[in-house]
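Letter by letter, the chains look like this.
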Amino acid sequence: DLMEMQIDLKDETCVINCMCDILSNKYGYEVWSKIFRKELIEKYNLNFPAQITYGEDLCFILKYVLKAKSIITINQPIYCYYLHQQSMMGKLYSI
């Protein structure tokens, strides 16, 4: 069964707890497994740090959480990610 959980980011404690969950990989580090509000990204000019080539997804997610009022999580996969040997991640895991 689909379970949905809303996490309100109304105060500093809620934001810190959410960030700890993110950093402990409770929700995954990748942006492709999330849906973001375009309006929030544009309003705060959120972007991926150009100087970081590995882990930039996590940086973006943390910046986004600092600006969001809430996030919603679900317990069902809605995206299938294929790892190709020619991709950066494929090369990383083929070592």
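Residues numbered from 1 in each chain as written. Predicted model: local features only at pLDDT ≥ 70, side-chain atom pairs only at ≥ 80, totals over all residues. Heavy atoms only, no water.

On to the overall build of the protein chain, then. Across its full length, the protein chain holds four helices and two strands. Its helices and strands in sequence order give the protein chain the pattern β-α-α-α-β-α, from N to C terminus. Put simply, the protein chain has 95 residues, and 23% of those count as buried. Sequence separation of at least 24 residues holds for 65% of the intrachain contacts in the protein chain that already meet a minimum separation of 6. Total accessible area on the protein chain stands at roughly 7,600 Å², and carbon and sulfur atoms take up 56% of it. (Helix = DSSP H or I, 4+ residues; strand = E, 2+ residues; numbered from the N terminus. Buried < 20%, exposed > 50% of the residue type's maximum accessible area, 1.4 Å probe, protein only. Contact = heavy atoms within 4.5 Å. Areas by Shrake-Rupley, 256 points an atom, 1.4 Å probe, with all protein chains shown as cover.)

Below, the discussion takes up the nonpolar core. By size, the foremost hydrophobic cluster in this structure holds 17 residues, and its most contacted members are Leu9, Cys18, Ile22, Tyr64 and Val65. For this core, the secondary-structure elements that each account for two or more residues are helix H1 (12-23) and helix H3 (56-67). Per-element accounting of this core gives the leading share, five residues, to H3. (Core = buried A, V, L, I, M, F, W, Y, C linked by side-chain atoms within 4.5 Å.)

Direction vectors running N to C along H1 and H3 enclose 165°, while the axes themselves pass 10 Å from each other. On the basis of their axis angle, the class for H1 and H3 is roughly antiparallel. Here H1 runs over H3; the crossing is right-handed. Residue-level inspection shows Val15, Cys18, Met19, Ile22 and Leu23 of H1 in contact with H3, the latter providing Leu58, Ile61, Leu62, Val65 and Leu66. Class assignment of the residues belonging to the contact of H1 with H3 gives a composition of 10 nonpolar, no polar and no charged. (Axes fitted to C-alpha atoms, helices over the stretch in contact; angles between N-to-C directions. Parallel < 35°, antiparallel > 145°, perpendicular 65-115°, else oblique. Left-handed = near helix turned anticlockwise from the far one by under 90°. Nonpolar A, V, L, I, M, F, W, Y, C, P; charged D, E, K, R; others polar.)

Note that every value here comes from positions in space, so none of it alone points to a role or purpose.
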